[in-house]
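Inside the fold
Next come the chains, spelled out residue by residue.
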Amino acid sequence: MGRSRRTLPEELLLLALDPATGTTAQPQSLDLGLAGAQLVELALAGRIAPDGDRIAVVMPRPTGDPTLDSALELLRRRGSPVRAVHWIGGPRLGLRQTYLSHLERCGMVHAVAGQMCGVLPTTRYQATDTAISREIRTRLDSAIRTGVPPDPRTAALAALAHAVGLGKHLYPGNEGRSSRSRLRDLIRHDPMGGLVAHAVMDVQNGASAQPRRSPAAPGRQSAVQMPSRRGSMARAAAH
């Protein structure tokens, strides 16, 4: 994977970065979203694929992105497909800061030191090239406004933005209600993005112990079929 374009975790973080305050919106759920965005990016790179509600490594070759390759190696070490909700709900300490530091090294943001209450040191991050953030936002706005099915990358970004609660940050107030609704609807345009977005929401809702099952007839799930929210507690206990 080259560095000619930004990865989904980077784009999600830039979307969440508030230009006025230099802080990130929805910080707790954003951490989950970044872990999910890594999965989608690895899927787009052909390294992993959905297997029902699980994630399977199909090509362990590194992508060239150190942060993504670290996640890929952890998935490979599992030895068997892992449930998306378990992966996203696992400990991801420092992931947001890792990506903020990466964006700073790439020159996309710069750190601004400050103090809270005149005592506690704080760090805010300001975008250095607002054109990048505008381009990301324009893609999202276009998908919402036109109703034309977006490309998988934009669809996954929309799904993740909805899952972590960025809708009210990007489209606030009553006037943004229809845009938030359409943002949510874009989740259906990318199977992997939808799987991951639902897993992010399940973790936030405390449903990570409950596996999903396909509503289709008994048999092995298709790799692109969205699992349902139902599942048996007995199967959850077995995992």
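Criteria and thresholds
Within each chain, residues carry numbers counting from 1 in the order of the written sequence. Local features are withheld for residues below a pLDDT of 70 in this predicted model, meaning they are given only at 70 or higher, and side-chain atom pairs are given and counted only at 80 or more; totals for whole chains, interfaces and linings count all residues. The side-chain figures draw on all heavy atoms in the structure; neither hydrogens nor water molecules are used. Here the nonpolar core consists of buried residues drawn from Ala, Val, Leu, Ile, Met, Phe, Trp, Tyr and Cys, with membership extended through side-chain atoms lying within 4.5 Å. Only protein chains enter the calculation, and the probe is 1.4 Å; a residue is then buried if its accessible area is under 20% of its type maximum, exposed if over 50%, and partly exposed in between. In this analysis, two residues are considered to be in contact whenever any of their non-hydrogen atoms come within 4.5 Å of each other. A residue's pLDDT is the confidence the predictor assigns to it, expressed on a 0 to 100 scale. Angles shown run from 0 to 180 degrees and are taken between the N-to-C directions of axes, each axis being a line fitted to C-alpha atoms and, for helices, limited to the stretch in contact. Numbering of helices and strands starts at the N terminus; helices are DSSP runs of H or I of at least 4 residues and strands are runs of E of at least 2. Any angle that falls under 35 degrees is termed roughly parallel, while one over 145 is termed roughly antiparallel, one within 65 to 115 roughly perpendicular, and all others oblique. Gly is placed with the polar residues, together with every amino acid not listed as nonpolar (Ala, Val, Leu, Ile, Met, Phe, Trp, Tyr, Cys and Pro) or charged (Asp, Glu, Lys and Arg). Any pair of nitrogen or oxygen atoms within 3.5 Å is treated as a polar contact; in protein, a donor-acceptor pairing is required on top of that, and neighbouring residues in sequence qualify only through side-chain atoms on both sides.

Further remarks concern the nonpolar core. Formed by 61 residues in total, the largest nonpolar core has its most connected members in L39, I88 and L166. Excluding anything up to four places from it in sequence, L166 contacts L12, L15, A16, A25, Q26 and A161.

Take the confidence of the model for the protein chain next. Per-residue pLDDT for the protein chain has a mean of 83; in total, 83% of the residues score no lower than 70. Between residues 211–239, whose pLDDT stays under 50, and residues either more than four places distant or in other chains, the model counts 53 contacts.

Orientation of helix α7 (residues 152–163) relative to helix α10 (residues 191–204), taken along the N-to-C sense of each, is 10°, at an axis distance of 8 Å. Considering the angle they form, α7 stands roughly parallel to α10. Taken together, the residues of α10 that come into contact with α7 (itself represented by A156, A159, L160, H162 and A163) are G193, V196, A197, V200, M201 and Q204. The class makeup of the residues in the contact of α7 with α10 is 8 nonpolar, 3 polar and no charged.

Residue position: D18 is located in the loop between α1 (8–16) and α2 (27–44). With a relative accessible area of 22%, D18 lands in the partly exposed category. Counting along the chain gives 109 residues from D18 to A127, while the straight-line C-alpha distance between them is 9.0 Å. The residues contacting D18, other than those within four sequence positions of it, are T23 and H169. Within the structure, the side chain of D18 is placed 3.4 Å from the backbone nitrogen of T21, a separation counted as a polar contact.

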